[in-house]
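The residues making up each chain are set out below.
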Amino acid sequence: MKNLNIILFLAIILYGCTSNNNSINLPSIDGATFVQTSYVLETTFDINGDGVFSNDIYEEMNCGTDTIRFNTGEKVWNPSHSIITLNVTDDGTGNLSQTAACGHFDGILPNYSQRDEFVDFYYNEEIIFTGTISDNGNTITFDFPNELLYVFVTGNAFTSNEILNPDDSITQYEGGAIVTYTRQ
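Residues numbered from 1 in each chain as written. Predicted model: local features only at pLDDT ≥ 70, side-chain atom pairs only at ≥ 80, totals over all residues. Heavy atoms only, no water.

Draft legend 1. Local environment of the nonpolar core. With 31 residues, the main nonpolar core has Ile 57 and Phe 70 as its most contacted residues. Looking at this core, the elements that each hand over two or more residues are strand E1 (33–45), strand E4 (82–90), strand E7 (118–123), strand E8 (126–133), strand E9 (139–144) and strand E12 (177–183). At four residues, E1 tops the list of elements feeding residues into this core. Those residues in contact with Ile 57 that sit more than four places away from it in its chain are Tyr 39, Leu 41, Phe 45, Ile 47, Cys 63, Ile 84, Leu 86 and Cys 102. (Core = buried A, V, L, I, M, F, W, Y, C linked by side-chain atoms within 4.5 Å. Buried < 20%, exposed > 50% of the residue type's maximum accessible area, 1.4 Å probe, protein only. Helix = DSSP H or I, 4+ residues; strand = E, 2+ residues; numbered from the N terminus. Contact = heavy atoms within 4.5 Å.)

Draft legend 2. Molecular detail of the pairing of strand E5 (residues 96–104). For E4 and E5, the ladder comprises nine bridges, and the chain directions are antiparallel. Following the sheet pairing, Ile 84 is matched in E5 by Cys 102. Linking E4 to E5, which pair antiparallel, is a turn of five residues; within it Gly 92 sits at a positive phi near 100 degrees. (Pairing = 2+ DSSP bridges.)

Draft legend 3. Region of interest: the packing of aromatic side chains. Within this structure, the stated rule accounts for nine aromatic pairs. A centroid spacing of 4.9 Å and a plane angle of 75 degrees characterise the contact between Phe 70 and Tyr 112, whose relative ring orientation is edge-to-face. Placement of Phe 70 in the loop between strand E3 (67–69) and E4 and of Tyr 112 in strand E6 (residues 111–115) is noted, with a sequence separation of 42 residues between them. Tyr 112 sits in the buried class, given a relative accessible area of 9%. When the ring of Phe 121 is compared with that of Phe 129, the centres are 4.9 Å apart and the planes differ by 20 degrees; the resulting orientation is stacked. Taking relative accessible area as the criterion, Phe 129 reaches 7% and is therefore assigned buried. (Phe/Tyr/Trp six-rings, centres within 6.5 Å; stacked < 30°, edge-to-face > 60°.)

Draft legend 4. A look at the state of the cysteines. Summed over all chains, the structure comprises one disulfide. Across the disulfide, Cys 63 is cross-linked to Cys 102 (sulfur-sulfur distance 1.9 Å). Placement of the pair is Cys 63 in the loop between helix H2 (57–60) and E3 and Cys 102 in strand E5, with a sequence separation of 39 residues. A residue is classified by how much of its surface remains accessible, and Cys 102, at 30% relative accessible area, is partly exposed. (Disulfide = S-S within 2.5 Å.)

Draft legend 5. Structural context of the pattern of salt bridges. The final tally for this structure, using the stated rule, is one salt bridge. The partner of Asp 120 in a salt bridge is Arg 115, with the nearest N and O atoms 2.9 Å apart. Look at Arg 115 and you get partly exposed, because its relative accessible area is 39%. (Salt bridge = Lys/Arg side-chain N within 4 Å of Asp/Glu carboxyl O.)

Draft legend 6. A look at unusual backbone geometry. With a phi close to 70 degrees, Glu 125 is a non-glycine residue in the positive phi region. Glu 125 sits in the exposed class, given a relative accessible area of 71%. Positioned with a positive phi, Asp 168 is a non-glycine residue whose angle comes to about 70 degrees. With respect to the helices and strands, the residue Asp 168 is situated in the loop between strand E10 (162–164) and strand E11 (170–172).

Below, the structure is given as structure tokens:
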């Protein structure tokens, strides 16, 4: 009977140790390439002039390919350096339209490290932002506040980050962006 109690006790401990294991077994991002597939703002807009307002840049225009290649020990593209400029133009007769352009800000490339379902981007051991890897490892999503969106912060002579609303009023964009990259 004593041996049965010991075996039962050990089985319970072993079950408790394995059932509480919360480790995440995601595919590694090392060696993978991810392409930007979504750039969602907090406000809707109509860049292509079809009368349908969306909040995803990729539903309104083609921004080309912006890729992140995760090569072990190497620096990677900084996804916060993918820039969107928003402007409202007047054709000279009072007809307003939303315009936008995509681009890339050149700068120092960060290092990265994967931590379970997160990928940290950092300079000199200081994390500047973190992306979330999906359960299947096929997407990485970044939730950037406005201060990490280069053009939205600095502005320049070519943009004022204006959004043309459905009622033809114009607002300055001050929100963030949720940017998604998909594994290739």
